[in-house]
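Structural features, examined
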Amino acid sequence: MPNYQTNMLRFLLTGSLTFLTILVFAQEKVTLNGYIKDVDNGEELIGVTIYIPQLKAGTITNDYGFYALTVPKGTYEVQFSYIGYKVQTFTIDLSANVSRNIQLQSEAEQMAEIVITERALDENVVNVQMSKNTVNMEQVRKLPALFGEVDIIKNIQMLPGVISAGEGTSAFFVRGGSGDQNLILIDEAPVYDPSHLFGLFSVFNADVIKDSEIYKGGIPSRFGGRLSSILDVRTKDGNNKDFAVTGGIGTMASRVAVEGPIVQEKSSFIVSARRSYLDLFLRAANEDFLVHFYDVNAKLNFKPNNRNRFFVAFYTGRDVFSFGDDFGFGWGNMTGTFRWNHLFNDKLFMNTSVIASNFDYKLESKDVSQGFEWISNLQEFSVKNDLSFAINPKNELAFGYHVTGRRFAPGEVGPNAGGSIFKEAKFQHMYAVDHALYVSNQQQVSDRITVDYGVRLSIFQNVGNGDVYLYEDPHDNIRKKRTDTLHFDSWETIKAYVNLEPRFGMRYAIDQQQSVKLSYNRMVQNTHLMSAGTVPVPFNTWNPSNYYLKPQIADQVAAGYFRNFRQNMYEFSVEGYYKDFDNVTDFADNAELFFNEDISTEYRQGDSWAYGLELMVNKQKGKLTGMLSYTWSKTERKIDGVNLGRTFDANHDRRNVVNLQAAYDLNDKWTFGGAFTYSTGRPITMASGKWEYGSYNPDVITERNTHRLDAFHRIDLSVTLNPRKNLSRKWKGQWVFGVYNAYSRKNPFTVYTRTKQDDEGNVIGDGREKEARMIYLFPVLPSVTYNFKF
Amino acid sequence: MKNILIVSLIAITFLSCEEPYQLDEELNDGQKMVIEALLTDREEMQFVKVSQTSPFYSSGNSPRIPNATVTVSDNLGNAFSYTHNPGGSDDSIGVYLPPAGFVGVIGRTYKLQVEYDDVVYEAEDQLLPVTPVDSLTIELDEEEQEDPEDAGRFYEVLIFAEEPQDEENFYLFKFYRNDSLSFANDSDIYYSDDKLLAEQIDGIPMPVYFGVSDKAKVEAYSLSRAGYVFYNDLWSLLNNDSGGMFGPIPATPRTNLSNKALGFFQVSAVSMADIIVE
């Protein structure tokens, strides 16, 4: 589309002209910068607001706790404010460049003390970024959790615009996106499957999480690779002042974390581990079926001086299932991140990361005649260079370069005993190289208007070595008739896709308490999950964009109104979005995605569109805190070769969702938490009759997703007890009592049909009669957890 | 796979429950044609059954069609007309049989035509050779003996065969205990491709246990790729977790029949073996 290109060119030209203008005027200014930390444990704080009321200028700390603000020379009052912390104001003489590290005091430690707050600038209203939610760990800990196991993914699923597939899964769906369209990062490293026990829990151990943010729209240029959201989880750096041990004993799992300084104030570490002990119960109950999972997180950081900081972070986690001696399977993620923050000068900040990630799963049968071992994995290695340049108080430039290499090994199978009926077989590996360059500028156009504009260029290559099969008809998945094979050598490009992803955000401040925001983003996704189900499972493999599979593209526009009341006590927002997907990846009806060398004949790509409205009220201060949200949304798909080419409701389409979360701090001893969730039922494809074939009675299936399960709703409650003797002791204990599904609602997990049977599974009736059965996972479920810290 | 998932998830939560669920009857949307046809290289193993779909909650057999016109022709131009229920038995209403003595010939392609209500339903399939079942042996299963599900039945019958590695084969198996078709689970279908099969198939157990003096029988059918696809789809439909929670959304099995008829025209060579447990 030439018109689009012209617009793009104009956009880029205007952008660079603006930068030039800025650079010319930049010389008369001075810069204030530094890191902001928690006074108690030295953790760097992300998203702290730095504000100079005289100039009406401000900024926030970046993901590394660093800020830089360029202003005209002078002496200013500078405010540092952060949710959950006391506001601090300093008078700073800025006749030259100044570096100032600030330590903020958490409010939580002195609950009784009245916090004097000058009007803090509030991120919700002031920041250009919209469609972003931060999960506050302090708050999450006060809320009820399934089996008492605090889980950020379960909290993410409660946010407006985010949908869960039901209970007991870690999959989430953002603004009409499918389950594989979320980029889940732990310390910048991607996690390909965030589930433990098929999603009952997530891989994120709440004890080591410092901060987690989800971007649902207006996604910054530094992120790419997935269409619908970025879930950015950061782990703690470790206390660099004192040694501390925290931990907990729960119904399902126990965890412990050790942190402390290596060199006082310069270097610290944190190591944590969590393991479930469900297998111990199962073993005690003499069950053949055993299962456990574990997580280990470790992080080391070293800050030789204010200009250089180094971090090494590591995560590994695994699930292990076994059924007697015969059959077992497992999966796990392993990630490593090395990060270097460097300050070139007062204005230019750089973060370089080297990241590795591995996901694998294994299936194994030890049967004498049918023994086999199946292994599949996906490896990723990337280098990222991100720079931010505080040009002047009105402009902040961000730019960078990311390169990623991926190797997909979909499966390798072989016999694991001499007499096995299986032979060795191996899928060919797939390789991809992905370059991304981006630049963006946040510019304060006037007192009221701030814009953030940028562009990301993604250059994706599917490379050899590998074979591409050509087919008589590439969509014929019955005969799969190959006509030729194209061979590609190592690093030879099989297919390349270049995409330009414009990003734009704007905030118009109506006054100090209310603003209107707009955003647009284009996202491109070149990794595709091979799953025809709703909920991704660890046994699904991924394919890169390739000879047959085109990149998925999503364009989203969003607009919102943001208002804070009562000195930012209440945050209110309403956001509407429209999202258009091209080449969204789906699969033919009856697709065979497991061990299929001709999997490309199952690919079907087409259109999807989603729109919705999200309302949210958030109360972040006071004894009663919480969030109430309502989302109305619709998501549809139309794909040739799927559902006879007819439009259908996407699996994750939900019309109405209401979520309420609240915590009440009665006093320093007791805290009460509660959560309510309601959502329209999941679309489901149901039988519209039956037919006979031999002794079988299959269902008649007409169209996809024309039926709805019953609505889902549930209340959870919790009480946290902090014994008063904690105050005088180093050992601080805490009891958390919870009730999940307080009124024992039977929420349908799924519905299936079968030939009529009795409870023992014997066919009853005339052998032709059928019945439908509903499975629900959790009735009312109490839990107790004991947490400690010393 | 999805079975494992659901079973594991249920086992993990160990609290999950099931209960009957009432489907929406309004979803019934008229009757469709169902054709189940088998043509083999053995006498007596030939039939075409013509029926229709029925409402989900109905009982008894689905409606049978006794007044269709059924013919089969091969690629050499021979045509055979089928007769409706020549034995006149009540069980066989809607079942059509070929002229006496008819058998399929390996290598030929057969075409089925069913005409009913002025609509012609057609299908084509090829008769491919089948790998013979070499032998059966009997083995006592001690674990099953301790706690047999079916009193006195704790013998496994093991199958031996040689899988030709230089050709692509698809198989369907049927197992009989005392001549009655048997399954471990009523929705099981025993079918396979040979992608992962080694040459020596040594001792795969039949899915059910046998007692002393029981007769065990296996029938191995050759399938075309289309037949494999049909049985694979049928299995997925019968064992679906409904609605595509983890697995794919249920869909109509792909068939070689035209005009949106349900079912399949299966053309197979059959090998069989039996043994009496002693």
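Since the structure is predicted, the reported quantities are computational estimates derived from the model, not experimental observations.

Looking at the overall build of chain A
- Summing up its helical and strand segments, chain A has five helices and 51 strands in all.
- On C-alpha atoms alone, chain A measures out to a radius of gyration of 27 Å, which is about the 28 Å that the 2.2 N^0.38 rule sets for 790 residues.
- In terms of principal-axis extent, the alpha carbons of chain A reach across some 90 × 70 × 50 Å.
- Contacts in chain A between residues at least 24 apart in sequence constitute 65% of all its contacts with a sequence separation of at least 6.

Observations regarding the overall build of chain B
- Across its full length, chain B carries three helices and 18 strands.
- Once the C-alpha set of chain B is aligned to its principal axes, its extents read approximately 60 × 50 × 40 Å.
- Within chain B, the proportion of its 278 residues that are buried is 38%.
- The contacts of chain B with a sequence gap of at least 6 include a subset with a gap of at least 24, amounting to 68%.

Re helix H3 (residues 225–238) of chain B
- Its 14 residues give H3 of chain B an end-to-end C-alpha distance of 20 Å, which sits within 8% of 20 Å, the value for a rise of 1.5 Å per residue.
- H3 of chain B sits mainly inside the fold: 10 of its 14 residues count as buried.
- Of all the residues in H3 of chain B, the buried ones are Ala-226, Gly-227, Val-229, Phe-230, Tyr-231, Asp-233, Leu-234, Ser-236, Leu-237 and Leu-238 of chain B.
- Looking at the packing, one finds that the buried side of H3 of chain B touches strand E45 (699–701) of chain A together with strand E9 (119–126), strand E12 (170–177), strand E14 (190–193), strand E16 (215–223) and strand E17 (262–268) of chain B.

Topic: the interface of chain B and chain A
- If you look at the interface, chain B gives 68 residues, while chain A gives 75 residues.
- Among the elements of the structure, helix H1 (2–13), strand E1 (17–21), strand E2 (33–40), strand E15 (200–205), H3 and E17 of chain B are those that each provide at least two residues to the side of chain B that touches chain A.
- Counting residues per element, the side of chain B that touches chain A draws most heavily on H3 of chain B, at nine residues.
- Two strands pair when backbone bridges link them, and strand E50 (residues 770–776) of chain A and E1 of chain B are joined in this way by five bridges, in the antiparallel orientation. Residue pairing for E1 of chain B: Met-774 of chain A is matched across the bridge by Glu-19 of chain B.

Description of the nonpolar core
- Core analysis: the largest hydrophobic core is formed by 169 residues, its most contacted members being Ile-156 of chain A together with Ile-35 and Val-48 of chain B.
- The contacts of Ile-156 of chain A, once residues within four sequence positions are left out, are Val-135, Val-162, Phe-172, Ile-214 and Leu-231 of chain A.
- In terms of nonpolar packing, the next biggest core, distinct from the first, is built from 32 residues, Tyr-67, Leu-104, Leu-343 and Ala-398 of chain A among them.

Let's talk about unusual backbone geometry
Residues and elements named next belong to chain A.
- The omega torsion across Gly-464 and Asn-465 is 10°, close enough to zero to call that bond cis.
- Looking at the element boundaries, Asn-465 is found in the loop between strand E29 (449–463) and strand E30 (466–471).
- In this model, Asn-568 sits at a positive phi of 65°, which is unusual for a non-glycine residue.
- Mapped onto the fold, Asn-568 is located in the loop between strand E36 (552–565) and strand E37 (570–587).
- Phi at Asn-741 takes a positive value of approximately 55°, unusual for a residue other than glycine.
- Here Asn-741 shows up in the loop between strand E48 (732–740) and strand E49 (750–755).
- Its 22 C-beta neighbours within 10 Å are what place Asn-741 among the buried residues.

Points about the sheet that holds strand E11 (residues 155–162) of chain B
Residues and elements named next belong to chain B.
- With respect to topology, three strands assemble into an open sheet ordered E10-E11-E15, the strand pairing being antiparallel. Every other strand in the sheet has two partners, leaving strand E10 (133–140) and E15 as the edge strands with one partner each. Put simply, the sheet's adjacent strands are angled 20° from each other on average, direction ignored.
- Direction of pairing for E11 relative to E15: antiparallel, over a ladder of five bridges. Its bridge partner lying in E15, Ala-161 is registered against Ile-201.

Describing the pairing of strand E3 (residues 46–52) of chain B
Residues and elements named next belong to chain B.
- The buried fraction of E3 is high, at five of seven residues.
- Two elements, E2 and E3, share seven bridges in a ladder whose sense is antiparallel. Note on E3: the bridge partner recorded for Glu-36 is Lys-49.
- Between E2 and E3, which pair antiparallel one after the other, the connecting turn spans five residues, and Glu-44 there sits at a positive phi close to 75°.
- Note: E3 against strand E7 (residues 95–97), two bridges, orientation antiparallel. Note that in E7 the partner of Lys-49 across the bridge is Val-95.

Focus: the environment of Thr-169 of chain A
Residues and elements named next belong to chain A.
- Take Thr-169: it is sitting in the loop between strand E10 (162–164) and strand E11 (172–174).
- Separated by 16 residues in the primary sequence, Thr-169 and Ile-153 have C-alpha atoms spaced 9.3 Å apart.
- Ignoring any residue separated from it by four or fewer positions in sequence, one finds Thr-169 in contact with Ser-164, Gly-199 and Val-535.

Details of the sheet that holds strand E5 (residues 79–81) of chain B
All names here are of chain B.
- If you trace the four strands from one edge of the open sheet to the other, you get E5-E4-E8-E9, paired in antiparallel fashion. Edge positions in the open sheet fall to E5 and E9, since each of these has one partner strand only. Across the sheet, the mean angle separating the axes of adjacent strands is 20° when strand polarity is ignored.
- Where strand E8 (residues 109–116) lies against E9, eight bridges are found, and the strand directions are antiparallel. Across the sheet, the residue bridging to Lys-111 is Glu-124, located in E9.

Concerning the environment of Leu-234 of chain B
Residues and elements named next belong to chain B.
- Its location among the elements puts Leu-234 in helix H3.
- Residue Leu-234 is classed as buried on the basis of its 24 C-beta neighbours within 10 Å.
- Sequence spacing of Leu-234 and Ala-251 is 17 residues, and the spatial spacing of their C-alpha atoms is 9.0 Å.

Quick look at the pairing of strand E28 (residues 430–444) of chain A
All names here are of chain A.
- Pairing analysis gives 14 bridges linking strand E26 (residues 395–414) to E28, with the strands arranged antiparallel. When the bridges of E28 are listed, Val-403 appears paired with His-435.
- Strand direction decides the pairing type here: E28 and E29, joined by 14 bridges, are antiparallel. Directly across from Asp-434, in E29, lies its bridge partner Phe-460.
- What sits between E28 and E29 in their antiparallel hairpin is a turn of four residues.

Some words on the environment of Ser-236 of chain B
- Summarising the element assignment, Ser-236 of chain B is placed in helix H3.
- The residues contacting Ser-236 of chain B, other than those within four sequence positions of it, are Asn-590 of chain A together with Pro-248 of chain B.

Digging into the confidence of the model for chain A
All names here are of chain A.
- For chain A, the mean per-residue pLDDT works out to 87, and 95% of the residues sit at or above 70.
- In this model residues 1–27 is a low-confidence stretch, pLDDT under 50, and it forms 17 contacts with partners more than four residues away in sequence or in other chains.
- When the criterion is pLDDT under 50, residues 109–120 qualifies, and its contacts beyond four places in sequence or with other chains add up to 15 contacts.

So, how was this worked out
- Residues numbered from 1 in each chain as written.
- Chains lettered and ligands numbered in written order.
- Predicted model: local features only at pLDDT ≥ 70, side-chain atom pairs only at ≥ 80, totals over all residues.
- Helix = DSSP H or I, 4+ residues; strand = E, 2+ residues; numbered from the N terminus.
- Rg over C-alpha atoms; globule rule 2.2 N^0.38 Å.
- Contact = placed C-beta atoms within 7 Å.
- Buried ≥ 20, exposed ≤ 12 C-beta atoms within 10 Å, placed from the backbone.
- Expected span 1.5 Å × (residues − 1).
- Pairing = 2+ DSSP bridges.
- Core = buried A, V, L, I, M, F, W, Y, C linked by C-beta atoms within 7 Å.
- Axes fitted to C-alpha atoms, helices over the stretch in contact; angles between N-to-C directions.
- pLDDT = per-residue confidence, 0-100.

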